[in-house]
Amino acid sequence: MLVITRANEKLTAEAGDAVVEPEQLRRATLASSVGSALEYYDFYIYGLASALIFGPLFFSPLGPDGALIASFATYGVGFAARPFGGLIFGYIGDRFGRKMVLILTIALMGTASFAIGLLPTFEQAGMLGAVLLVTLRIIQGLGAGAEQAGATTLISEVAPRRRRGFFASLPFVGIQLGTLLGAGTFALIAMADKAVLQGWLWRVPFLASFILIAVAIFIRLKLKETPAFQELEKHKNVVKNPIGALWKHSKKNVLLGIGLRMGENGNSSIYSALLVSFMSMPAGVFAGNNSIGPVGLLIAAGFAAVMVVTFGALSDRFGRVPVYRYGALFQAIIAVPAFYLVTLGNVTLVWVVMAVGIAIGVQSMLGPQCPLLPELFGSQYRFTGVAMSREISAVLAGGLAPLLGALMLAATNHSWLVLAIYSLVLALISFVTTFFTPETAGRDLVSTEDAK
């Protein structure tokens, strides 16, 4: 972030054929970063709450395993709603502009998160609390369904094409900031007395999201529209049905985007939610200790904030596809030894595994992914294309990973091999997909044509 906020900086950034002022680039990066921070703050506090708190609070009659599965099911419901949010807000973004969507999504997502902090538990209102939790999770998912797609599209269309990987990955430092805030908050409150934690303290992280909402909306109101969309309006090339145009002309690239995301998004969920639950469950190696996982995520997020930008910059130099391919291969190679090490009962080893898996394995794919997904699609339906690629994969990988993992753990007497094999398979899907993906570095994003 400091790179683009130096005093008297005279950067003139070319985005396609248009010239972008440094102030617009700074605002776009800041607006995208704050939104990413809120989404992943919500993502992590909900994921950690699902792993550690929501089961006994909202689903206690189902027993320990049943409550955990039900809790992760509500986690997955949010992901199931994301493609619908991607369709709705992707349409708006391609039809009426990127800026409007970024304001709408942050307000919807943040308000739902805030309201979760006000819910009655099973003890207070029976199943009503669970029903309301699911409803708010769906609303949260609708907003999140276009948030990252909007941020990625916005910054990619504004960034200088020769350094697009670097600039497009900068907002994803916000992901790590959100992770640090979410995991840090839970690491602190997990140290509290269990009665206090389940009584009222769990509500604080959700209620605190209001601060990020206010900051994000304030910044985004000052944004300008991107050069690519301005060109579409100028030449009257805005399509009336971007969803139809996407499925007519770009089904292949949507499928590529989904395949690329499986290893990154799926492993992110495995390390951040499923692994945390695996360690702390009654049969886990750290049974009853709810702080080790959040602290591990805190450490991993600190390294990941640096590494996502590093891998984004490397994709400017070596290409999107090679960096992505070797990142997916690395994640596949470490899967079995990493999850075996977790079972040895050494806290330091657990933190090393989480840091390596998230900061290197996941970020080596996320860094080049930031510019690659927008570069795959033509400007007329780019927002919708990125949203569909991200959110369908978010259901198949990120949303189902904790739920399917919890089911398989219960069916295999909590075997660590479940986690290892799941991580390996998802990484290999992305690895294979890279061999069908065109190199997109340096594309003109004003172009209405897809990458070939």
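For the structure itself, consult the block above.
Below: a short report on this structure. Keep in mind that this is a model prediction, so the values were computed, not measured.

Cut-offs used in this document
- Residues numbered from 1 in each chain as written.
- Predicted model: local features only at pLDDT ≥ 70, side-chain atom pairs only at ≥ 80, totals over all residues.
- Heavy atoms only, no water.
- Helix = DSSP H or I, 4+ residues; strand = E, 2+ residues; numbered from the N terminus.
- Contact = heavy atoms within 4.5 Å.
- Areas by Shrake-Rupley, 256 points an atom, 1.4 Å probe, with all protein chains shown as cover.
- Lys, Arg positive; Asp, Glu negative; His and termini not counted.
- Charge placed at Lys NZ, Arg CZ, Asp CG, Glu CD.
- Axes fitted to C-alpha atoms, helices over the stretch in contact; angles between N-to-C directions.
- Parallel < 35°, antiparallel > 145°, perpendicular 65-115°, else oblique.
- Nonpolar A, V, L, I, M, F, W, Y, C, P; charged D, E, K, R; others polar.
- Phe/Tyr/Trp six-rings, centres within 6.5 Å; stacked < 30°, edge-to-face > 60°.
- Buried < 20%, exposed > 50% of the residue type's maximum accessible area, 1.4 Å probe, protein only.
- Lys NZ or Arg CZ within 6 Å of the ring centre and 35° of its normal.
- Core = buried A, V, L, I, M, F, W, Y, C linked by side-chain atoms within 4.5 Å.

## Brief notes about the overall build of the chain
(1) Moving on: When helices and strands are counted, the chain shows 19 helices and two strands.
(2) Moving on: Along the longest, intermediate and shortest principal axes, the C-alpha atoms of the chain span 60 × 45 × 45 Å.
(3) Moving on: Restricting to contacts in the chain with at least 6 residues of sequence separation, those with at least 24 account for 86%.
(4) Moving on: Total accessible area computed for the chain in this model is approximately 16,200 Å², and 68% of it derives from carbon and sulfur atoms.
(5) Moving on: Here the chain holds 32 positive side-chain charges and 24 negative ones, and the gap between their average locations is 3 Å.

## Concerning the packing of helix H4 (residues 98-116) against helix H11 (residues 209-220)
(1) Moving on: Where H4 meets H11, the axes come as close as 9 Å, and the angle between the chain directions of the two elements is 170°. Overall, the two elements H4 and H11 adopt an arrangement that is roughly antiparallel. Along its contact with H4, which presents Lys 99, Leu 102, Ile 103, Thr 105, Ile 106, Ala 107, Gly 110, Thr 111, Ser 113 and Phe 114, the element H11 presents Ser 209, Phe 210, Ile 213, Ala 216, Ile 217 and Arg 220.

## Quick look at the packing of helix H16 (residues 320-342) against helix H19 (residues 416-433)
(1) Moving on: Interaxial distance between H16 and H19 falls to 8 Å at its minimum, and their mutual angle equals 170°. One finds that H16 runs roughly antiparallel with respect to H19. Listed contacts from H19 to Tyr 324, Arg 325, Ala 328, Leu 329, Gln 331, Ala 332, Ala 335, Val 336, Phe 339 and Tyr 340 of H16 are Trp 416, Leu 419, Ala 420, Ser 423, Leu 424, Ala 427, Leu 428, Ser 430 and Phe 431.
(2) Moving on: Grouping the constituent residues of the contact of H16 with H19 by class yields 15 nonpolar, three polar and one charged.

## Remarks on the packing of aromatic side chains
(1) Moving on: Considering all chains together, one arrives at five aromatic pairs under this definition.
(2) Moving on: Judged by centre distance (6.1 Å) and plane angle (55°), the ring pair of Phe 114 and Phe 210 falls under tilted. Note that Phe 114 is positioned in helix H4 and Phe 210 in helix H11, a separation of 96 residues in sequence.
(3) Moving on: A relative accessible area of 51% means that Phe 210 is categorised as exposed.
(4) Moving on: Residue placement shows Arg 325 over the ring face of Phe 435; its charged tip is 3.9 Å from the ring centre.

## A short note on the nonpolar core
(1) Moving on: Within the largest apolar cluster, 115 residues are counted, with the highest numbers of intra-cluster contacts made by Phe 54, Ile 116 and Leu 275.
(2) Moving on: Among the elements that take part in this core, helix H1 (residues 22-52) stands out by supplying 13 residues, more than any other.
(3) Moving on: Leaving out residues up to four positions away in the same chain, Ile 116 has contacts with Tyr 46, Phe 54, Leu 133, Leu 136, Gln 140, Trp 202 and Phe 206.

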